[in-house]
Amino acid sequence: MTESRLRTLRDYIRWAVSRFHAEGLYFGHGTDNAWDEARQLVLGALHLPWEMSDSYLDCRLEDDERYDLSVLLHRRIQERIPTAYLLGEAWFCGLLFMVDERVLVPRSPIAELIDARFAPWLPHEPARILDLCTGSGCIGIACAYAFPNAEVALADLSFDALEVAWQNIERHDLEDRVYTVQGDGFTGLPGQRFDLIVSNPPYVDAEDFADMPAEYHHEPEMGLACGSDGLDLVRRMLAEAADHLTDTGTLIVEVGNSQVHVEALYPEVDFTWLEFERGGHGVFLLSAKQCQEHQSLFQSRL
């Protein structure tokens, strides 16, 4: 299984880059090119830090390390498994999260908003935050770091996803103020209100889902696809958001390519579409006041 002439870290990274290009792999789960993907997989598999000096790349590997690494590289190429699943972990907002095929691989542009503590969009520091459709819990847990006095709820329909989210709560020692809630949309949160609701829900429309590269089909379909226009859940969220925001609360939702469907469905609504320096698109913001003003409209288009 091992490649007989490969000995050093540099050898394996170079070989992986060549093979990734030759095999036409897709990069969209934390990297966007073959070099970064290869470096992430090789260094991650050997429990080495991404930022280590390149002088270490000429270190020779032990035979067992070479074998284990070769197995992972071949699985990445032949089975198209995302690197995060092969390693069992992924980075988000500079934090390490446990991930597996029960949850999506963290990659939301909302990370940039969290790093900036949502400036200049929040009227005040939130006391209660909801991460709706939490998956691994990465968005909500990162928010807990950004706002160390906030209570954070991680809500999801999937019991499997919430098991992963809870493991990440424990991993980051946040059990005292971060908790999980099971339910479909807001159903597990009757009467609860939040200063900030942030969500990366399933939003992929039927056409985009059918065209997705093989790597995405290792992820749970219920975390990606959501009806012909991708908005089955988003429509419900918008119809109910006013009932779960404080008077000065803020709703932030990622819809990706389904932005076009949102704008077509609600032309009367003045969504704030956020811009990102590090890439990404299709994230809107509404104030609690806007959610209240348009609630009847949102409910009429369910």
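Just so it is clear, the model here is predicted, and its values are computed rather than measured.

A. View of the overall build of the protein chain. Along its length, the protein chain carries 12 helices and nine strands. The globule rule puts the C-alpha radius of gyration for 302 residues at 19 Å, and the 21 Å found for the protein chain is close to it. The principal-axis extent of the C-alpha atoms belonging to the protein chain is close to 65 × 40 × 35 Å. Going through the 302 residues of the protein chain one by one, you find that 55% of them count as buried. Partitioning the intrachain contacts of the protein chain with sequence separation of at least 6 by distance along the chain shows that 69% fall at a separation of at least 24.

B. Inspection of the side chain of Ser136 at higher detail. Inspection of the secondary structure puts Ser136 in the loop between β3 (128-132) and α6 (138-146). Those residues within four positions of Ser136 in sequence are excluded, and the remaining contacts are Met98, Val99, Val103, Pro106, Val164, Ala165 and Asn168.

C. Focus on the nonpolar core. Counting 34 residues, the largest nonpolar core has Leu9, Tyr12, Phe20, Val42, Leu69 and Leu73 as its most contacted members. If you list the elements that add at least two residues to this core, you get α1 (9-23), α2 (34-45), α3 (63-78), α4 (83-87) and α7 (159-171). The leading source of residues in this core is α1, at seven residues. Taken domain by domain, the makeup of this core includes at least three residues from each of domain 1 (7-85) and domain 2 (89-298).

D. Looking closely at the pattern of salt bridges. Tallied over the entire structure, the rule returns 19 salt bridges. One salt bridge connects Glu219 with Arg107, and the closest N-O pair in it is separated by 2.8 Å. With Glu219 in the loop between α8 (206-211) and α9 (232-240) and Arg107 in the loop between β2 (95-98) and α5 (110-115), the pair connects residues that are 112 residues apart, well separated along the chain. Taking the shortest distance from any N to any O, the salt bridge between Glu268 and Arg301 comes out at 2.6 Å.

E. Summary view of the side chain of His294. With respect to the element layout, His294 can be found in the loop between α11 (288-293) and α12 (295-300). Dropping the residues within four chain positions of it, His294 is found in contact with Glu268 and Val269.

F. View of the sheet that holds strand β9 (residues 283-287). Read across the sheet, seven strands follow the order β5-β4-β3-β6-β7-β9-β8 without closing on themselves; strand pairing throughout is mixed. At either end of the open sheet lies a strand with only one pairing partner, and these are β5 (178-182) and β8 (272-273). Along the sheet, α6 makes contact with β3, β4 (151-156), β5 and β6 (194-199), crossing β4 at roughly 175°. Sitting on the sheet, α7 touches β4 and β5, and the angle it makes with β5 is about 175°.

G. The packing of aromatic side chains, seen in detail. This structure, assessed with the given rule, holds eight aromatic pairs. Taking the centre distance of 5.8 Å and the plane angle of 45° together, the rings of Phe271 and Trp273 count as tilted. Classification of Phe271 by relative accessible area gives buried; the value is 8%. Here the aromatic cluster, defined as three or more aromatic residues joined through ring pairs, consists of Tyr266, Phe271, Trp273, Phe284 and Phe298. Stacked on the ring of Trp50, the Lys or Arg Arg39 has its end atom at 5.6 Å from the ring centre.

Criteria and cut-off values
Residues numbered from 1 in each chain as written. Predicted model: local features only at pLDDT ≥ 70, side-chain atom pairs only at ≥ 80, totals over all residues. Heavy atoms only, no water. Helix = DSSP H or I, 4+ residues; strand = E, 2+ residues; numbered from the N terminus. Rg over C-alpha atoms; globule rule 2.2 N^0.38 Å. Buried < 20%, exposed > 50% of the residue type's maximum accessible area, 1.4 Å probe, protein only. Contact = heavy atoms within 4.5 Å. Core = buried A, V, L, I, M, F, W, Y, C linked by side-chain atoms within 4.5 Å. Domains from an automatic or database assignment. Salt bridge = Lys/Arg side-chain N within 4 Å of Asp/Glu carboxyl O. Pairing = 2+ DSSP bridges. Axes fitted to C-alpha atoms, helices over the stretch in contact; angles between N-to-C directions. Phe/Tyr/Trp six-rings, centres within 6.5 Å; stacked < 30°, edge-to-face > 60°. Lys NZ or Arg CZ within 6 Å of the ring centre and 35° of its normal.

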